[in-house]
Amino acid sequence: MNVTEQKHKQYLVPGVQPYYQEPLVLVEGEGRHVTDVQGNRYLDFFGGILTVSVGHAHPAVTAAITAQAGRLLHASALYLTESTVRLAERLAALTPGTLQQSFFTTSGTEANETAIMMAQQSTGRQEVVALRHSYSGRSQVAMGLTGQAEWKLGGAGMALPIRHAHNAYCYRCPFGKTPDRCGLECAKDMEEFIRTSTSNHLAAYLAEPIQGVGGFITPPEEFFQETVPIAKKYGALFIDDEVQTGFGRTGKMFGIDHYGVTPDIMVFAKGLANGMPIGASIATPEVASSYRGPTISTFGGNPVAMEAALATLDVIATENLVENSRLMGEKLRTGLEALADRYPILGDVRGKGLMQGLEFVRHDKQPAADLASEFLERTRERGLLVGKGGLYGNVIRIAPPLTLSAHEVADGLQAMGDALGTLYQDHPEIRDVPATRIDYGARRH
Ligand SMILES: Cc1ncc(COP(=O)(O)O)c(C=O)c1O
């Protein structure tokens, strides 16, 4: 155990659990690569949890940060800064529909808190529908919204008026259907669910277009077209949590752009400022007008974070990264499907753009969290960092910076293929796991 790891154990609460048996101590990042304290270099296919959107130490973002830090590091929301106003205006222009007025914070958790408060104040109601397998953050409300027991520490948020409807987890369809012939029962269940599990008077329906921590669970395109109008019928505003899917990650500007519905509130964090702490909640003027306060976030709208976000959005536009995400995502997906053809412990390959998940299974689709963890270690040994997630801990999450090149896609696939090869060598019992991949047909996602 090195000194940093020792001191981490001694001085940080045990709930902060780094990846890997021997945690990585990172000291440097450049583009799609990071370097650890021993000088080992890794291809980063997780981007600091989908946050380093335009690559580590992107010169344009670094320049914007250092210039602003040299001018004015902090102002607080009691004073105006041009940076805050410029970013708010930019978000209004980028987002769909009539979304226009933003509130800035420093994390996705706070952005979700803000969105829920906005919806409750605007509708005068309290009840919220979220989805099973979701993740919304680490405050009481965010843990209440979260649809995974493991992330509700000590039962946090359980007493709040939040109920969890079915998500569209096609690989493990709770209705026993396959996507080519499912009739979208999970979505249609929303009406019955609201009428049996709520008082019919909703403030909000909150969802991630693709569930991040839940294991990149990707609904069919019609899922939100079906569920959003039902929730609206019972008064809900639709809150779209784009914390993981926003700003090009899925091959479109926003995850919800794949689904043909317009949110009443959108929530951003992570990739918006390429690693600087930021959270944003944007609403229509009608919804925002009810959010009167007084309310304040001391660090929300911090000019350095705002400049980092503006520079990140510039890079996404000038380097055509939404399109790059789509193109590289397709290459990556093709390679991952080829691996799944060869190694059936990869039971499902899913996602959009540069947000791709691999679900590890044994016989009868039994979740294989141990194999996913071993894969994580073995890819690291081959110079590749990937992420992990899912309710059962058996999904590998792949989400490199959007600046990824075709060459790097090939390098990543090579490392993953090698890691899988050694897994099959060392675990003879998995060699006869049969293929369980489902046919997404026209709903390939
Ligand atoms: C979809 C989603 N919403 C909200 C959050 C919470 O964001 P933060 O960790 O910045 O509080 C996360 C974090 O992973 C997330 O994935």
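The rules behind each value
- Residues numbered from 1 in each chain as written.
- Predicted model: local features only at pLDDT ≥ 70, side-chain atom pairs only at ≥ 80, totals over all residues.
- Heavy atoms only, no water.
- Axes fitted to C-alpha atoms, helices over the stretch in contact; angles between N-to-C directions.
- Helix = DSSP H or I, 4+ residues; strand = E, 2+ residues; numbered from the N terminus.
- Parallel < 35°, antiparallel > 145°, perpendicular 65-115°, else oblique.
- Left-handed = near helix turned anticlockwise from the far one by under 90°.
- Contact = heavy atoms within 4.5 Å.
- Domains from an automatic or database assignment.
- Buried area = accessible area lost by both parts, 1.4 Å probe.
- Salt bridge = Lys/Arg side-chain N within 4 Å of Asp/Glu carboxyl O.
- Polar contact = N/O pair within 3.5 Å; in protein donor to acceptor, adjacent residues only side chain to side chain.
- Nonpolar A, V, L, I, M, F, W, Y, C, P; charged D, E, K, R; others polar.
- Phe/Tyr/Trp six-rings, centres within 6.5 Å; stacked < 30°, edge-to-face > 60°.
- Buried < 20%, exposed > 50% of the residue type's maximum accessible area, 1.4 Å probe, protein only.
- Near = heavy atom within 4 Å.
- Pairing = 2+ DSSP bridges.

1. Things to note about the packing of helix α12 (residues 369-381) against helix α13 (residues 406-426)
Two elements in contact, α12 and α13, have axes separated by 9 Å at closest approach and are oriented at 125°. By the criterion of interaxial angle, the relationship of α12 to α13 is oblique. α12 and α13 meet at a crossing whose hand is right-handed. Contacts between α12 and α13 involve Leu 371, Glu 374, Phe 375, Arg 378 and Thr 379 on the former and, on the latter, Ala 415, Met 416, Ala 419, Leu 420, Thr 422, Leu 423 and Asp 426.

2. So, the domain arrangement of the protein chain
By convention, interface size is frequently given as the accessible area that disappears when the constituent parts associate. Each assigned domain of the protein chain is listed with its residue range as follows: domain 1 (25-57 + 320-443) and domain 2 (60-318). A straight line from the C-alpha centre of domain 1 to that of domain 2 covers 25 Å. Taken together, the 45 residues of domain 1 in the interface contact 44 residues of domain 2. Overall, the association of domain 1 and domain 2 removes approximately 3,600 Å² of surface from exposure, summing both partners, and the carbon and sulfur fraction of that is 57%. On inspection of domain 1 and its partner domain 2, the count reaches two salt bridges. Salt-bridge contacts for Glu 359 lead to Arg 172; the nearest nitrogen and oxygen are separated by 2.8 Å. Put simply, domain 1 and domain 2 have 25 residue pairs in polar contact (both at pLDDT 80 or more) between them. It is strand β11 (residues 346-352) that provides the largest number of residues to the side of domain 1 that touches domain 2, a total of five residues. Residue composition of the side of domain 1 that touches domain 2, grouped by class: 21 nonpolar, 15 polar and nine charged.

3. Focus: the packing of helix α3 (residues 59-71) against helix α10 (residues 303-318)
At a minimum axis distance of 8 Å, the contact between α3 and α10 shows a crossing angle of 155°. The orientation of α3 relative to α10 falls into the category roughly antiparallel. Between α3 and α10 lies a crossing of right-handed hand. In contact with Ala 60, Val 61, Ala 64, Ile 65, Gln 68 and Ala 69 of α3, α10 contributes Pro 303, Val 304, Glu 307, Ala 308, Ala 311, Thr 312 and Val 315. Broken down by class, the residue content of the contact of α3 with α10 amounts to ten nonpolar, two polar and one charged.

4. A few points about unusual backbone geometry
Put simply, Gly 293 and Pro 294 share a cis peptide bond, and its omega is 15°. The residue Pro 294 is located in the loop between α9 (285-288) and α10 in this model. Notably, Asn 200 is not glycine yet its phi reads approximately 75°, a positive angle. If you trace the backbone, Asn 200 turns up in the loop between α7 (185-197) and β7 (202-207).

5. Some remarks on the environment of Asn 40
Secondary-structure assignment places Asn 40 in the loop between β2 (33-36) and β3 (41-44). In sequence terms Asn 40 and Glu 381 are 341 residues apart; their C-alpha atoms lie 9.9 Å from each other.

6. Section: the packing of aromatic side chains
Summed over the entire model, instances satisfying the criterion amount to 13 aromatic pairs. Measuring from ring centre to ring centre gives 5.9 Å for Phe 224 and Phe 238, while their planes differ by 40°; the resulting arrangement is tilted. Here Phe 224 is found in helix α8 (residues 223-233), whereas its partner Phe 238 is found in strand β8 (residues 237-241), with 14 residues between them in sequence. Accessibility assignment for this pair places Phe 224 and Phe 238 in one class, buried.

7. Structural notes on the site of the ligand
Taken together, Ser 107, Gly 108, Thr 109, Asn 112, Tyr 135, Ser 136, Gly 137, Glu 208, Asp 241, Val 243, Gln 244 and Lys 270 are the residues near the ligand. Separating an oxygen atom of the ligand from a backbone N or O atom of Gly 108 is a distance of 2.9 Å. Separating an oxygen atom of the ligand from a side-chain N or O atom of Gln 244 is a distance of 2.8 Å. With three residues, helix α5 (residues 108-123) is the single largest residue contributor to the shell around the ligand. Class assignment of the residues belonging to the shell around the ligand gives a composition of two nonpolar, seven polar and three charged.

8. Describing the pairing of β7
Remark: a regular strand shows side chains that alternate across the two faces of the sheet. With six of six residues buried, β7 lies mostly within the body of the structure. With three bridges joining them, strand β5 (residues 127-131) and β7 adopt parallel strand pairing. Bridged to Glu 127 within β7 is Leu 202. Relative to β8, β7 is paired through four bridges, and the arrangement is parallel.

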